[in-house]
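A look at the structure
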Amino acid sequence: MARRGDRNYGTLTDLVTAGRDPEDSYGFVNPPVVRGSTVVWPTVADMKAARGRYTYGRRGTPTSDALSDALQTIEGGDHVALAPSGVTAVSLALLSVLSAGDHLLMVDTVYDPTRRFCDGFLKRMGIETDYYDPALGADISAHMRPNTRAVFVESPGSLTFEVQDVPAIAGAAHARGAAVIMDNTWATPLYFRAHDHGVDLSLSAGTKYLGGHADVLIGYVSATQPYAAALKATHGALGLCCGPDDMFLALRGLRTLGVRLAHHQASGLRVARWLQSRPEVARVMHPGLENDPGHHLWKRDFSGACGLFALELTPGPFEAVEAFLDGLELFGLGYSWGGYESLAIPYDATPIRTASRWAPKGPTVRLHIGLEDVEDLIADLEAGLERYAAAC
Ligand SMILES: *Cc1c(COP(=O)(O)O)cnc(C)c1O
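Residues numbered from 1 in each chain as written. Predicted model: local features only at pLDDT ≥ 70, side-chain atom pairs only at ≥ 80, totals over all residues. Heavy atoms only, no water.

**Re helix 11 (residues 318-326)**
Helical geometry note: an α-helix holds 3.6 residues per turn, so side chains three or four residues apart project in the same direction. All of the buried residues in helix 11 are Ala320, Val321, Phe324 and Leu325. For helix 11, the arc enclosing every buried residue in end-on projection is 130°, short of the 170-degree limit, so these residues lie on one face. Away from the buried face of helix 11 by more than 90 degrees, exposed residues Glu319 and Asp326 are located. Residues of helix 11 that are buried make contact with strand 9 (308-313), strand 10 (332-333), strand 11 (343-347), strand 12 (364-368) and helix 12 (374-391). (Buried < 20%, exposed > 50% of the residue type's maximum accessible area, 1.4 Å probe, protein only. Helix = DSSP H or I, 4+ residues; strand = E, 2+ residues; numbered from the N terminus. Arc of directions from axis to C-beta. Contact = heavy atoms within 4.5 Å.)

**Details of the site of the ligand**
Every residue close to the ligand is listed here: Ser85, Gly86, Val87, Tyr111, Glu154, Asp183, Thr185, Ala205, Thr207, Lys208, Leu217 and Trp337. Residue Gly86 places a main-chain N or O atom 2.8 Å away from an oxygen atom belonging to the ligand. One nitrogen or oxygen atom from the side chain of Trp337 is found 3.4 Å from an oxygen atom belonging to the ligand. Burial of the ligand by the surrounding chains reaches 90%, relative to a free accessible area of 380 Å². Looking at the shell around the ligand, its residues break down into five nonpolar, four polar and three charged. (Near = heavy atom within 4 Å. Polar contact = N/O pair within 3.5 Å; in protein donor to acceptor, adjacent residues only side chain to side chain. Areas by Shrake-Rupley, 256 points an atom, 1.4 Å probe, with all protein chains shown as cover. Nonpolar A, V, L, I, M, F, W, Y, C, P; charged D, E, K, R; others polar.)

**Some details on the nonpolar core**
The nonpolar side chains of a soluble globular protein tend to be buried with one another. With 89 residues, the main nonpolar core has Leu94, Leu104, Tyr132, Ile181, Trp186 and Leu254 as its most contacted residues. Formed jointly, this core draws a minimum of three residues from each of two domains, domain 1 (11-255) and domain 2 (257-391). Core analysis: the next-biggest nonpolar cluster, separate from the first, contains 27 residues, Phe309, Ala344, Leu367 and Leu381 among them. (Core = buried A, V, L, I, M, F, W, Y, C linked by side-chain atoms within 4.5 Å. Domains from an automatic or database assignment.)

**Concerning the side chain of Thr160**
With respect to the element layout, Thr160 can be found in the loop between strand 4 (148-154) and helix 6 (166-175). Side chain to side chain, Thr160 and Glu162 meet in a polar contact 2.7 Å long. In this structure the side chain of Thr160 is engaged in a polar contact, spanning 2.8 Å, whose partner is the side chain of Arg353. Those residues in contact with Thr160 that sit more than four places away from it in its chain are Thr109, Met285, Tyr347, Ala349, Arg353 and Trp358.

**Focus: the UniProt feature "modified residue: N6-(pyridoxal phosphate)lysine" (unreviewed entry) in the protein**
Listed under "modified residue: N6-(pyridoxal phosphate)lysine" (unreviewed entry) in the UniProt record, and renumbered for this structure, are Lys208. Examined against the element boundaries, Lys208 turns out to sit in the loop between strand 6 (201-205) and strand 7 (219-223). The exposure class of Lys208 is buried, given its relative accessible area of 9%. (UniProt positions renumbered as here; feature names shortened; annotations may be inferred.)

**Describing the pairing of strand 3 (residues 128-132)**
Alignment of strand 2 (residues 103-107) against strand 3, held across five bridges, turns out to be parallel. Opposite Leu105, over in strand 3, you have Asp130 as the bridge partner. Regarding the hand of the β-α-β motif, the stretch spanning strand 2, helix 5 (residues 112-124) and strand 3 is right-handed. (Pairing = 2+ DSSP bridges. Right-handed = clockwise from strand over helix to strand, strands pointing away.)

**Quick notes on the packing of helix 3 (residues 62-75) against helix 9 (residues 244-276)**
Relative placement of two packed helices is described by the angle separating their axes and the distance separating the axes. Helix 9 packs onto helix 3 with a crossing angle of 35° between their chain directions and a minimal axis gap of 9 Å. The two elements helix 3 and helix 9 meet at a crossing, and its hand is left-handed. Contacts from Thr63, Ser64, Ala66, Leu67, Ala70, Leu71 and Ile74 in helix 3 reach Pro244, Met247, Phe248, Ala250, Leu251 and Leu254 in helix 9. Its residues assigned to classes, the contact of helix 3 with helix 9 shows 11 nonpolar, two polar and no charged. (Axes fitted to C-alpha atoms, helices over the stretch in contact; angles between N-to-C directions. Left-handed = near helix turned anticlockwise from the far one by under 90°.)

**Brief notes about the sheet that holds strand 11**
Read from one edge to the other, the open sheet built from five strands follows the order 8-9-12-11-10, with strand pairing classed as mixed. Both outer strands of the open sheet, strand 8 (281-285) and strand 10, are each paired with one neighbouring strand and no more. The pairing of strand 10 with strand 11 spans two bridges and is classified as parallel. Each bridged residue has a counterpart across the sheet, and for Gly332 the counterpart in strand 11 is Leu343. Set on the sheet, helix 9 makes contact with strand 8, strand 9 and strand 12; between it and strand 9 the angle comes to about 10°.

**Re the packing of aromatic side chains**
If you walk through the whole model with that rule in mind, you get four aromatic pairs. Measuring from ring centre to ring centre gives 5.1 Å for Phe117 and Phe121, while their planes differ by 10°; the resulting arrangement is stacked. Within this pair, Phe117 and its partner Phe121 are both found in helix 5, separated by four residues, close to a single helical turn. Judged by centre distance (6.1 Å) and plane angle (75°), the rings of Trp186 and Phe302 are edge-to-face. With Trp186 in the loop between strand 5 (179-183) and helix 7 (188-191) and Phe302 in the loop between helix 10 (295-301) and strand 9, the pair connects residues that are 116 residues apart, well separated along the chain. Judged by relative accessible area, which is 9%, Phe302 ranks as buried. Three or more aromatic residues joined by ring pairs form one cluster here, namely Trp186, Phe192 and Phe302. (Phe/Tyr/Trp six-rings, centres within 6.5 Å; stacked < 30°, edge-to-face > 60°.)

As structure tokens, then:
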């Protein structure tokens, strides 16, 4: 195999070729899993000069380099820092930018643990957070203060799937010298090119689609200049590093991310459209649906949708929701998503919305559509909705 040149390849080719070179791996297709803390040198002079590429396991190994190099190719930023979970990627991105006395604008529809990090940890460190309505675009300017250092976006929103006008927000934030941080876990860099849309620090929970098999916790932050140096320094100061097997699993997941996402997308849309035709379903929250309020922004900025969306049922008691979900054969009842398997959770977003209106009339359920035969999933949901109607 010839070495990869400088030619521009498509994303699927990048997913297959990035971060590996068989000539560096004794000819094997995949880079080896290197377990190591200590690096040794033959002489004191070599040690003092820190000769060679590696100095200490926490500061980088061939395995962490393979994964971060591959992710940097896919993200198109200037630096990638790996973190041991998605939540540490969130805190790493925020702590890379914010200092005591700073003000943060946080989208109201953010992943709940991110909200708790802001209201607890960041508050204790002297950083103030204000929440804003995800429907705001350039009008975010009105909420900015002289000390607003960062605007955080997550699009579509956690649990409720509102699409944000990220380029308009980025324009307003940059005009005031603030950084734009995005949680891009839902779309992944394949379906939303965060840096191309003005995002300075883009983070993902690799636990979801990157790993893709519900067997690894990992996260990462990708930064463009001028935030690359701050990201690198904060990552080092916090001493963050990932286990070699987890990094290997993430890199292995990356190779098939494109084909898996395409399947999740197709099946997810198929199920979402079918749900829209059901009398028990009041509303389906999926930006890929033509009548979704976020559809025009999604169509403008995204190149795809993953398999995660939500639905609002017609009004009914919680026991009916239990009848619906308890009897499902193919959907596990579990948090997280992005693996090969289908999942469902009932949820109530009311207590975690403080700056936007969220008042569904019926119970809400989030679905993750996995890689099973879509007809089987629809049949399982159909029986579930019949149980729901019977229990109402
Ligand atoms: C799951 C998730 C995270 C956190 O990832 P972990 O690996 O579970 O810590 C962060 N953001 C979003 C949007 C998520 O869905």
